[in-house]
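Spelled out, the chains give:
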Amino acid sequence: MNQTLHIFKKDARRFWIEILLSLAITAAFVFLEGRARLSNEDTQGQTMRALANLLATLVPVSWWVLIARAILAERLVGDTQFWITRPYGWRNLLAAKALFVVVFLYVPFSIALCALLLQAGFTPHAYMGGILFNLLLLTGAIILPLAAIASVTSSFARTTLTMLGIFLGFIILASIIGFAFGTSVTGIGSHVGADTCLALALVIFSTVIGLQYALRRAWISRTMLLTLPLLLVGALYFAGKYDQARVDRDYPLVQGDAPIQLTYSPDPRSYGSTGFQVSAHVMIPVSFHLIESGVGEGYAVMPDAIRGEITAPDGSHWSSDWQGSERYRLLPGDLYFSPRFSIPIDVLTKYQGVPLKVHLSLALTQAQAERTTTLALPPERFSVPGFGVCVPQSGWLPIPGQIMGINCVAALREPPLTYISTRWSDAPCTAANGPEAGALGTAWVGSLDRQPAEFGISSIADVSVNLSNNQNQNGSKQELRYLCAGTPVTFTQFTAVRRMQIRLDIQDFYLPRYSVTGNMITVTE
Amino acid sequence: MNPTIRTESLSKRFGRTVAVDGISLAVPEGSIYALVGANGAGKTTLIKLLMNILRPNAGRAEVLGIDSAKLAGSSFNRIGYVSENQELPEGMTVGGMLDYLRPFYPSWDPALELQLLRQFDLPLARKLKHLSRGMKMKASFASSLAYRPTLIILDEPFSGLDPLVRDELIEGLIERAPETTIFLSSHDLAEIESFSSHVGYLQQGRLLFSEEMSTLSNRFRDVTITLSEPSPLPTELPATWLEAQTSDCVLHFVDSDFKQDSPRELAGRFPSARDIALEPMTLRQIFLAIAKSGRGSAISIAQEKEA
């Protein structure tokens, strides 16, 4: 322990400039982030947000410098370092570096997370689990990877180049995947893949660091790091397979007591939809226009995943895996619903112009309204229990005294799935007209997922409340609508009560036509 | 008495290059052992194997009774290591480095530290990165001697230093000699001849011989035989005669196996000799003779000695 403290003190003295810089960046981030997230979306608010975002990038950069400098002070690669022939205990050395990271990174960052929560109007001690979970995510995604890379490189310059190389590699890989698949195929909303990757990252990075400190076998450690991407790809592949089985298992097929009835509507024009463009070149989304009914009062139904099977008149067929569905939330009274699933472009070409039989399967979650809070819209910041903190917005073109929307934040993660409803005013609010029963403005925010925190540098999660009908179509002119102080705003939180699978057969379905222009594919329904 | 360092068939390869080739060696306790050899002979690699900086491909080594592969942490309390290639904590001052290292060593002697600082005239407040090469080496020496190590291992410690600094370091080293074993490598024979008690000669990764300095000096003689008439180089010369050559009536060679009765044997072998001169040789002359005579004969001498 004495040796650990001794090495720690040496590092603290040696890197005081880096430490001060990191603390200053963190403090500036807390100062700006707290104000920016609940600021008005005017020029000043936008500037603060931009600065806060910049600092949110600089915070991990400052960690990188701290971690790399601390580890490279007793570098683990090479055979000429003075310390390797001195009586350093490797456990003491590792403990000293860990202590350095805890004292100058974890402690200030934890304080920063608490300060941000406090600034936004949350009580930090109520979110300790989430803060610890966030620290765990940061450890797996940032701290351990940085430490592992520093432990297998011989200088700060090499560490930097390696980091940049990995960053560049990710960008290239993401571009290739984006070009090929676009966003046409989404995941089916499970944490299995991410959790497995996090666990793998924690194990591999910890092992590499431990191995380097215990044995300084750089080539073994580097090999382990190089195999990690393969392991992650493998883990994601198997997690995907598991998720497919999970949907079949967790969403039992219902027949008679389905909480929603769906029928196919062959005429897309009733939806105002005639086509769309995608940037993908491998998978093309195909929409199915459905009419829905039967959602009970106090309930909402959400499609989580969709699967389709196509059968041609000649008997040949193609079927998809479960694919993630777009974020539809169906309430009582909703009429239309157009789920999509993606089809490989060669399948689309093969079955073009042929009347097909489509067998659609939808994995649905039924959610029940559980907690409703109605309040008169205050002119200043207000808190919604169990949801977050909101502030009325005067918008990017502020008109004095007028509220154009609501901006909210939640602690550590998006809030529980919440339906927000209020009434707009077509005219600017005055003391005379006050709250009035104008057009309905609604928004869905949050999710049913209940992980204690999301990965992020900030403990405040932005909640975009995009209330519908925020503009009034007055002839050819579009006019902004207003929210008057005192107007009732209702926050209804939902919780999942049931999962189920329903199936639908569609006869004589024709796949959409498509044309390729440059990088874009235009799909015409 | 157990040797302080012992190696058995120690080998190290880097790809296809054999840097250390089956070295078996014993360094007696209390000795000043000089490992000599040309640049690239494998001296530094051998030392790194002993210090567990590198791991052997074959064989084993023991340092202070500990398997060198397990040398770590507190084992280094008793070992002082100085290398010409060693990176010092350049950002620290001399005083800062000593302050930092002091708590690592239970046997650190502040009085000796002070004595070494005075002896080497080290500027405490100056950062290591601002010191000359000689001063850095002195700082390294001071930080490696102040805890009275049982074993001091030095890798080319005097390389590239001016004679004044070199003498100061040797003086500091010799003062520690009675209480420690010193193992040092060098390619400068003159600098180690004056104070080494044992010597090992490394060539292309192989240890050609390893013995006491006095034995070595006694074993080698520069022999000049003046014959009564010109004579060709005799055939079937003993393998222990190195660099044998004739010029007119003079036969010259280096006898690597000189014994008390060698003069009598020579007189018997060359009855017509007018004069037989046997001169002791310096270490430098001995190694030059071995090097020039070629690897084969040198190894055979070593093998002969081992037998």
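Here the structure is a predicted model, which means the values were calculated and not measured.

Facing the 19 residues of chain A at the interface are 27 residues of chain B. In this assembly, chain A packs against chain B so that about 2000 Å² is buried in total across both faces, 56% of it on carbon and sulfur atoms. When residues of chain A are sorted by the area they lose upon contact with chain B, Phe82, Thr85 and Arg86 of chain A head the list and together hold 35% of the total. Run the count over chain A and chain B and you get 2 salt bridges. We note a salt bridge from Asp79 of chain A to Lys48 of chain B, for which the minimum N-O separation is 3.2 Å. Linking chain A to chain B there are 12 residue pairs in polar contact (both at pLDDT 80 or more). The dominant element in the side of chain A that touches chain B, judged by the number of residues it contributes, is helix α1 (residues 2-14) of chain A, at 4 residues.

On to the pattern of salt bridges. All names here are of chain A. For the structure shown, the criterion picks out 29 salt bridges over all chains. A salt bridge links Arg69 to Glu18, with the shortest nitrogen-to-oxygen separation between them at 2.9 Å. Of this pair, Arg69 sits in helix α3 (residues 43-73) while Glu18 sits in helix α2 (residues 16-37), and the two are 51 residues apart along the sequence. By relative accessible area, which is 16% here, Glu18 ends up buried. One salt bridge in this structure joins Asp250 and Arg246, with 3.8 Å as the shortest N-O distance. Taken together, the residues Asp250 and Arg246, both in helix α8 (residues 218-250) and 4 residues apart, mark about one turn of the helix. Take Asp250: its relative accessible area is 23%, and that puts it in the partly exposed class. By relative accessible area, which is 9% here, Arg246 ends up buried.

So, on to the domain arrangement of chain A. Residues and elements named next belong to chain A. Splitting chain A by domain gives domain 1 (261-368 + 499-524) and domain 2 (370-496). With 11 residues of domain 1 at the contact, the number on the domain 2 side is 12 residues. Carbon and sulfur atoms make up 65% of the surface buried where domain 1 meets domain 2, a total of about 790 Å² over both sides. When residues of domain 1 are sorted by the area they lose upon contact with domain 2, Arg329, Leu331 and Gln368 head the list and together hold 57% of the total. Across the domain 1-domain 2 interface, the total number found is 0 salt bridges.

Definitions and cut-offs
- Residues numbered from 1 in each chain as written.
- Chains lettered and ligands numbered in written order.
- Predicted model: local features only at pLDDT ≥ 70, side-chain atom pairs only at ≥ 80, totals over all residues.
- Heavy atoms only, no water.
- Contact = heavy atoms within 4.5 Å.
- Buried area = accessible area lost by both parts, 1.4 Å probe.
- Salt bridge = Lys/Arg side-chain N within 4 Å of Asp/Glu carboxyl O.
- Polar contact = N/O pair within 3.5 Å; in protein donor to acceptor, adjacent residues only side chain to side chain.
- Helix = DSSP H or I, 4+ residues; strand = E, 2+ residues; numbered from the N terminus.
- Buried < 20%, exposed > 50% of the residue type's maximum accessible area, 1.4 Å probe, protein only.
- Domains from an automatic or database assignment.

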